[in-house]
Amino acid sequence: MRTSRRRWSQIVALVVPVALAACGQQGPEGPEGPQGPAGASGASGPTGPRGPAGPAGATGDTGDTGATGDIGPAGPTGDTGPAGPTGDTGPAGPTGDTGPAGPTGDTGPAGPTGDTGPAGPTGDTGPAGPTGDTGPAGPTGDTGPTGATGATGATGDTGPAGPTGDTGPAGQPPISTTESCAGCHNASLPDVHMLPERDAVGVKLQHWSASGAPTLVGGVQLPAVSVDPVTFAVTVRFNVRVNGVPRYDFLAKAQDSLAHNEDAWWVYMTDPATDCAGTTQAAPNNTGPGGCRTKITSANWSFVHSGNGNYTATVTGFTAAAADGTVFMLSIMNPHGVTATAVATYGTPARDLVGDAACINCHGNHVWRGAAHDVTNPQGTGACVVCHNRKGSADPRLPGAGSGLMGLIHGIHNSHGMPDGQYTFTWTNGNQFNFSVGFPGYMNNCAACHDTQARLDAVKDTPVSYAVCISCHDSWDAFPRTRVGGAYDLHRAFTNLTGTDCSGCHNGTMAPATLAGFHNGEKTPRSGLIWDGADQSVVLGAAIDMQITGVTVSGTNLVVTWTAMQGTTAVNPCNTDITAGPVFIGATANTATGMANSNMSILKGVAQGDDWVNAGQTGTVSPGQPVNVSLTTTNTVCASNVATSTIARDTYPAAAATKGIVAIQGKPQVRFNPTIGTNQEVIQVRAKTPVREFLLADGAAPAATDLRRAIVDTGKCLACHEGSLYQHGGNRVDNVDLCVMCHNPAANEGNNRFNMGVDVTEAYDGKPGEAYDMRNMVHGIHSAGESGRPIVYYRSNGIYFFGPRAALAAVTNWPTSGGITCKNAEGADVTYYKVAGSVPNGTSDRVPSVNTDGTCNTGTSNPLSTDGVWRIHNFIEVHYPQPLNNCGACHTNGWTPAAVDGTKGVALTVDPGAAPWGNQLDDVLMGPTAASCMSCHQSGDAYEQYVLRQHAADQGFAPTMFTDGRQTLLDAAAY
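Residues numbered from 1 in each chain as written. Predicted model: local features only at pLDDT ≥ 70, side-chain atom pairs only at ≥ 80, totals over all residues. Heavy atoms only, no water.

## A closer look at the overall build of the protein chain
- What the protein chain contains, in helices and strands, is 20 helices and 35 strands.
- Counting only residues that meet the buried cut, the protein chain has 39% of its 975 residues in that class.
- For the protein chain, the accessible surface area stands at approximately 51500 Å², while carbon and sulfur atoms represent 55% of it. (Helix = DSSP H or I, 4+ residues; strand = E, 2+ residues; numbered from the N terminus. Buried < 20%, exposed > 50% of the residue type's maximum accessible area, 1.4 Å probe, protein only. Areas by Shrake-Rupley, 256 points an atom, 1.4 Å probe, with all protein chains shown as cover.)

Now the structure itself:
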């Protein structure tokens, strides 16, 4: 870079005063000297050759400025000599005229800076010259000490009041922090949620006192059915209650009130050659086991009420004693048209495959709720069998009289799993009914409905037949190898016209002979092993009892002690030898035996109020989520069958955090004897996950009154969801007290939408996120089919849409084309679509593909997506079999609906704000009572939904972000 001398002079002119100011105090400016005479200009001589650079001479006094001479030709520029010492500055002469600029020579190298000479003596102060420019500010000196406070002055007189100013605009009203729902609703909630009578009828055989104790006659309880040995009259004894209260107003026969006679007695037929008088059945349904039903006319029976809901019915007109195993069905009705149906067997049932409780577990007392269904009110299979399994009542798909109930029940419950996704039931009069429902458990777990060992044994040993197989699978297209072109497509020659004998091939050698043999070794989607008709992960898991026995605080650590029992025997939690007992930790996957890597871990949560919202907990990466620490042989040691696990103790900045909770999640592994020597020798089992609450200060257990409120009964959940209660993770097992650690009021999947780049305008439900708090999720899913209001979850492994088909059709941006269909790890067909509005991250969002075997490929061999995030899109059509207001179907016995205690149940996150997700102070919150009520009380109608939401907001607050988050509401509720 070249710099002109003029430019250097400007730089020097700027730098020198600054340097001087830094060295000493500037003296006064002297007077201006007179201008000297101009000197004559000399002629320019010729340019000589360049000589060597001489030493720099001393700087002389500045002479008078001479006249500017003519410019001679430029000589070569000599090397710049070293800079000489700076001489004293002479008085400034008058400024001469500026001569023309000469050519710019090359800049010589800078000479070394000379040492600063000693300061000269200070001269006498001259007369003050004119004021010079202000120099730069010097450094600020140290602050001096504070002076003493002066005495307070006398108070002056008060001045006159000034005039009143104009009234300013009204300020914003204060934000409500408490809900007022209880004032209007608490008294009426139990009655409002009481079941309607037709859904709340309970019929119990024999007679019972008002307290529920047996009614004794002569010290014994009379049987449900007895036969007079002389007249052959039949007596049937039963008890009727509605919503648990004995009823005496069932005083009419249903057949008289509705003119539809379904009252009957029937006998199960085992001899296909035996016919029933007056009954004919056309081929192909005239073979196989069935029943013979004879209707009872109104003139041939009567009944009386004898108190406490007890009824005694008498049936006459028999010419001989009823045969052992004969079943009687009678229906009575009250003035409101509510039916109570009693089904009682005389002697020993001839065929007993399904218990009534198996149906009631999921459906409640009124299996066909919302309809009288032939004036009966079936509770379980009793009333159903009388009609649907008799001779003359058969599903046309299936051969054999009496196959109707099997075809109907298997068909409906597995309808979503049929080849075309639905089951069509055709009645003998040609009427058709279509079903497409999902079973809440697994259909190959026969024990879910065949609920005693005797019933299960009868089913698992059933010979393979066309009727049995097709009753569940609908057609040969349900089996990959019997489809057209499959290895066993010869089965397609067998139809409902060709009989049911398959023993020629299914003899136990060539092919499995029984139902159990055909299904043994199948795995459920939750790693359960089906064997002899039952999910062995459930059977064997029930025998293992894990308990957390203590929590203590040790410096920065939590020390957790825990034990395990197998049956009545204590086992070593650190055992690693599968032949010696269950293995909990330290297992390594072994494909030869089926052993998996151990997945045991400790989950840690912390409460605000009474809910585990985990505010600010160290390590929280998703809204409201607890911290998980794997259990290993390093952090866990055992002695005398007691395990001691030492893990880090976290910090909890939330002001109200006083108690925590730990859970030991995961599945122990056991050796299953029937499969020793195979790759299914070792199986993971469903041992209930234990939890323990503790005080953060020292780990001690809270007082019993300070434990989290008991709301939901896990056993009631398992009544429907056996072996399938959790739908993700693989290590969270059958304990609702564990579920609420993750599914808490702060849990919201808005972070997944954010990570996918989806905003409110692009989301399938128009929300910033959906809460997966337990109440919001369970109420929302189970009510979606009936309310018409869908609930949508964006998860890392897919999009889940729960609701009716009409709700799905109303979503304009739900993808229906351009998808990639493949088989997931469980063998089910799934379809990947681009998530509407999503933006790929450019690093891990890839386009899925299909492997040669039809399975899904989402690995790094696939190209990165450039125009969207691909996720499986799941539509789940909800068919909840219970009345929505039957709170007792899930809640603990004795629980009644009421407004939520705002000091315990905390507000729900409807928008998690922004990352970091552990910070909950930017969450938009809905009050706890509104969250509970509105999760059920929803509507697919936009206006009705608005009215419902507006009412909740008016009586509490619209979803709001509070300065201190939930603490604001907890503090308000405490006063």
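## Points about the packing of aromatic side chains
- The full count for this structure, using the stated rule, is 18 aromatic pairs.
- Relative to Phe303, the ring of Trp301 lies with its centre 5.8 Å away and its plane at 25°, an arrangement referred to as stacked. Comparing Trp301 with Phe303, the two get one shared label, buried.
- Relative to Trp814, the ring of Phe801 has its centre 5.5 Å away and its plane inclined at 70°; by these criteria the two rings are edge-to-face. (Phe/Tyr/Trp six-rings, centres within 6.5 Å; stacked < 30°, edge-to-face > 60°.)

## Concerning the state of the cysteines
- Scanning the entire structure with this criterion turns up 3 disulfides.
- Disulfide pairing is shown between Cys362 and Cys720; the S-S distance is 2.2 Å. Residue Cys362 is located in helix H6 (residues 356-363), and its partner Cys720 is located in helix H13 (residues 714-720); the two are separated by 358 residues in the primary sequence. Take Cys362 and Cys720: they sit in the same class, and that class is buried.
- One disulfide bridge connects Cys822 with Cys856, the sulfur atoms lying 2.0 Å from each other. The disulfide joining Cys822 to Cys856 has a torsion of about 100° about its S-S bond and is therefore right-handed. Placement of Cys822 in strand S29 (residues 820-823) and of Cys856 in strand S32 (residues 856-857) is noted, with a sequence separation of 34 residues between them.
- For Cys822, a relative accessible area of 2% corresponds to the buried category.
- Judged by its relative accessible area of 22%, Cys856 falls in the partly exposed class. (Disulfide = S-S within 2.5 Å.)

## Topic: helix H8 (residues 404-413)
- When H8 is considered as a whole, its buried residues turn out to be Gly404, Leu405, Gly407, Leu408, Gly411 and Ile412. What you see down the axis of H8 is that its buried residues fit within an arc of 165°, all on one side.
- On its buried side, H8 packs onto helix H7 (382-388), strand S12 (423-426), strand S13 (432-435) and helix H10 (466-473). (Arc of directions from axis to C-beta. Contact = heavy atoms within 4.5 Å.)

## Focus on the pairing of strand S19 (residues 601-606)
- Of all 6 residues in S19, 6 are buried; the element is thus mostly enclosed.
- In S19, alternate side chains face the same way, and those of Ser601, Leu603 and Gly605 on one face and Ile602, Lys604 and Val606 on the other are all buried.
- Bridge analysis of S19 against strand S20 (residues 627-630) gives 4 bridges, and the strand direction is antiparallel. If you follow Ile602 over to S20, its bridge partner there is Val629. (Pairing = 2+ DSSP bridges.)

## Some details on the sheet that holds strand S27 (residues 791-795)
- The 5 strands lie next to each other as S27-S28-S33-S30-S29, forming an open sheet whose pairing is mixed. Each end of this open sheet is capped by a strand with a single partner; those strands are S27 and S29. Between one strand axis and the next, the sheet turns by 30° as a mean value, whatever way the strands run.
- The sheet contacts of helix H16 (residues 774-787) involve S27 and strand S28 (798-802), and relative to S27 the element is tilted by about 125°. (Axes fitted to C-alpha atoms, helices over the stretch in contact; angles between N-to-C directions.)

## Focus on the pattern of salt bridges
- Applying the stated criterion across every chain yields a total of 22 salt bridges.
- Between Lys460 and Asp461 there is a salt bridge, with its nearest N and O atoms 3.2 Å apart.
- Given the relative accessible area of 15%, Lys460 is considered buried.
- Its salt-bridge partner being Lys767, residue Glu770 comes within 2.7 Å of it at the nearest N-O pair.
- The structure contains a network of salt bridges with shared partners spanning Asp610, Asp611, Lys659, Glu693, Arg708 and Arg709. (Salt bridge = Lys/Arg side-chain N within 4 Å of Asp/Glu carboxyl O.)

## Some details on the side chain of Thr593
- Inspection of the secondary structure puts Thr593 in the loop between strand S18 (569-571) and S19.
- Taking the relative accessible area as the measure of exposure, Thr593 reaches 19% and is therefore buried.
- Ignoring any residue separated from it by four or fewer positions in sequence, one finds Thr593 in contact with Thr678, Asn679, Gln680, Glu681 and Val682.

## Re the pairing of strand S9 (residues 310-315)
- Of all 6 residues that make up S9, 5 are buried, and the element is covered over most of its length.
- For strand S3 (residues 234-242) and S9, the ladder comprises 6 bridges, and the chain directions are antiparallel. Residue pairing across strands places Thr235 opposite Thr314, the latter belonging to S9.
- Inspection of the sheet shows strand S8 (residues 301-305) paired to S9 by 5 bridges, in the antiparallel sense.

## Some words on a nonpolar patch on the surface
- Taken together, the side chains of Val217, Val220 and Leu222 make up a nonpolar region of the molecular surface, amounting to roughly 220 Å² of accessible area.
- Looking at the element boundaries, Val220 is found in the loop between strand S1 (201-205) and strand S2 (225-227).
- In this structure Val220 comes out as partly exposed when scored by relative accessible area, which is 46%. (Patch = residues over 30% accessible without salt bridge, like charges linked within 9 Å, V, L, I, M, F, W, Y side chains within 5 Å.)

## Concerning the sheet that holds S20
- One open sheet holds the 4 strands; their spatial order is S20-S19-S23-S26, and the pairing between them is antiparallel. The sheet terminates laterally at S20 and strand S26 (691-695), the two strands that pair on one side only. Averaged over all pairs of adjacent strands, the angle between their axes in this sheet comes to 25°, without regard to strand direction.
- Pairing analysis gives 6 bridges linking S19 to strand S23 (residues 659-665), with the strands arranged antiparallel. Following the sheet pairing, Lys604 is matched in S23 by Val662.

## Regarding unusual backbone geometry
- Across the junction of Ala915 and Pro916, the peptide omega takes the value 5°, indicating a cis bond.
- Within the element layout of this structure, Pro916 appears in the loop between strand S34 (908-911) and strand S35 (924-926).
- In this model, Asp474 sits at a positive phi of 75°, which is unusual for a non-glycine residue.
- Of note, Asp474 is situated in the loop between H10 and helix H11 (515-519).
- Look at Asn641: it is not a glycine, yet its phi comes out positive at around 65°.
- Here Asn641 lies in the loop between strand S21 (636-639) and strand S22 (642-648).
- Of the residues examined, Asn641 reaches a relative accessible area of 31% and is grouped as partly exposed.

## Overview of the confidence of the model for the protein chain
- In the predicted model, the protein chain carries a mean pLDDT of 83, and 79% of its residues have values of at least 70.
- Confidence drops under a pLDDT of 50 for residues 62-69, and excluding neighbours within four residues, the segment shows 15 contacts in the predicted structure. (pLDDT = per-residue confidence, 0-100.)

## A look at the environment of Trp301
- Tracing the sequence through the fold places Trp301 in strand S8.
- What makes Trp301 buried here is its relative accessible area of 3%.
- Between the C-alpha atom of Trp301 and that of Asp263, which follows or precedes it by 38 residues, the distance is 9.9 Å.
- Those residues in contact with Trp301 that lie beyond four places of it in its chain are Lys253, Gln255, Asp263, Ile296, Ala313, Thr314, Val315, Leu330, Ser331 and Ile332.

## Describing the side chain of His388
- Positionally, His388 belongs in helix H7.
- Excluding anything up to four places from it in sequence, His388 contacts His373, Ser393, Gly402, Gly404, Leu405, Leu408 and Trp427.

## Points about the environment of Leu558
- Turning to its location among the elements, Leu558 is positioned in strand S17 (residues 557-566).
- If sequence neighbours within four positions are ignored, Leu558 has contacts with Val551, Thr552, Val553, Lys604, Ser645, Thr646, Ile647, Ala648, Arg649, Val662 and Phe694.

## Re H16
- A rise of 1.5 Å per residue sets the reference length of H16, with its 14 residues, at 20 Å; its end C-alpha atoms lie 19 Å apart and thus fit the reference within 8%.
- The largest bend in H16 is about 35°, located at Ile781.
- For H16, the complete set of buried residues consists of Met774, Arg775, Asn776, Met777, Gly780, Ile781, Ser783, Ala784 and Ser787.
- Against helix H14 (736-742), S27, S28, S34 and helix H18 (928-934) lie the buried residues of H16.
- Of the residues one or two after H16, Gly788 is the one with positive phi, at around 85°. (Expected span 1.5 Å × (residues − 1). Bend = angle between axes of the 7 residues up to and from the residue.)

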